[in-house]
Amino acid sequence: MSSYKNKTFIVFLDLPNWLSTNIDSVKKNFGNNYKKWEAHITFKQDEDFDFNTQEATEIVGSYFTGKSKYQITINKPKISFFDDNWNIYLPITKNIRLSSDIKAFSKLIKKYINPKSPHAYKSTKWEQSADFYPHISLKGGKGKNIGVTIYKKILKSNSNFTFPQSLQVKSITLAKWKLTKWERIKTIQLA
């Protein structure tokens, strides 16, 4: 987790435009009336880092050079609960490589996290835990009953895709927090 200041970075796996547009419409219908970034798979969650934009670009570029595209399968929405919080998401299944790469990258850049940042290492610990699962977030919040109600509505909503949905992820994006949303730093095409 991060402070959302000038040293906050994140890495996204980019979804095909038709899919991110469809997911964003579902998010909008269920209360996400702001858009920090189009729908995506988070490869490295936001953290406050002790590197600058050029160094971040070099580290991310070096890691992804020569990496092949990800073949993923997206399944129907699920909900998970932790304490009084909940998250509704589309699980990414049948992809051991994606999970392994996320954990490896998370370990690689852990040394650059600002240890004085609020909630430093929190998301990194989760990425490296046995409980980690790649996913596409739809909506999160507090209050179990509220989450269950929204989850049921999402399951009944009409969307323009069916599950399971298999596709190829062809690029990743490094972004930096700027005021109220993510600003693209660099997009890297996968091999």
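Use the structure listed above.
(A) Summary view of the sheet that holds strand β9 (residues 181-189). Spatially, four strands are ordered β2-β1-β8-β9 in an open sheet, and the strand pairing comes out antiparallel. Sheet topology places β2 (40-48) and β9 at the edges, where each strand pairs with a single neighbour. Strand-to-strand, the axes of this sheet are offset by a mean angle of 20 degrees, without reference to chain direction. Looking at chain direction, strand β8 (residues 171-178) and β9 are connected through eight bridges and run antiparallel. Residue L174 lies in a different strand from β9, and its bridge partner there is K186. Against the sheet, helix α3 (residues 96-109) engages β1 (8-14) and β2, with an angle of about 15 degrees to β2.

(B) The arrangement of unusual backbone geometry in detail. A cis amide bond links F163 with the next residue in sequence, P164, at an omega value of -5 degrees. Backbone geometry places Y121, a non-glycine residue, at a positive phi of 75 degrees. Looking at the element boundaries, Y121 is found in the loop between α3 and α4 (122-127). Its identity is not glycine, yet L179 carries a phi of approximately 65 degrees, on the positive side. Summarising the element assignment, L179 is placed in the loop between β8 and β9. Judged by relative accessible area, which is 76%, L179 ranks as exposed.

(C) Focus on helix α2 (residues 53-64). The end-to-end C-alpha distance of α2, which contains twelve residues, comes to 16 Å, matching closely the 16 Å that a straight helix rising 1.5 Å per residue would cover. For α2, the complete set of buried residues consists of A56, I59, V60, G61, Y63 and F64. The elements touched by buried residues of α2 are β1, β2, β3 (70-74), α3, β8 and β9. Here α2 starts with a cap whose side-chain oxygen sits 3.1 Å from the backbone nitrogen of Q54, and that cap is N52. Backbone geometry just after α2 places G66 at a positive phi near 80 degrees.

Basis of the calculations
Residues numbered from 1 in each chain as written. Predicted model: local features only at pLDDT ≥ 70, side-chain atom pairs only at ≥ 80, totals over all residues. Heavy atoms only, no water. Pairing = 2+ DSSP bridges. Helix = DSSP H or I, 4+ residues; strand = E, 2+ residues; numbered from the N terminus. Axes fitted to C-alpha atoms, helices over the stretch in contact; angles between N-to-C directions. Contact = heavy atoms within 4.5 Å. Buried < 20%, exposed > 50% of the residue type's maximum accessible area, 1.4 Å probe, protein only. Expected span 1.5 Å × (residues − 1). Polar contact = N/O pair within 3.5 Å; in protein donor to acceptor, adjacent residues only side chain to side chain.

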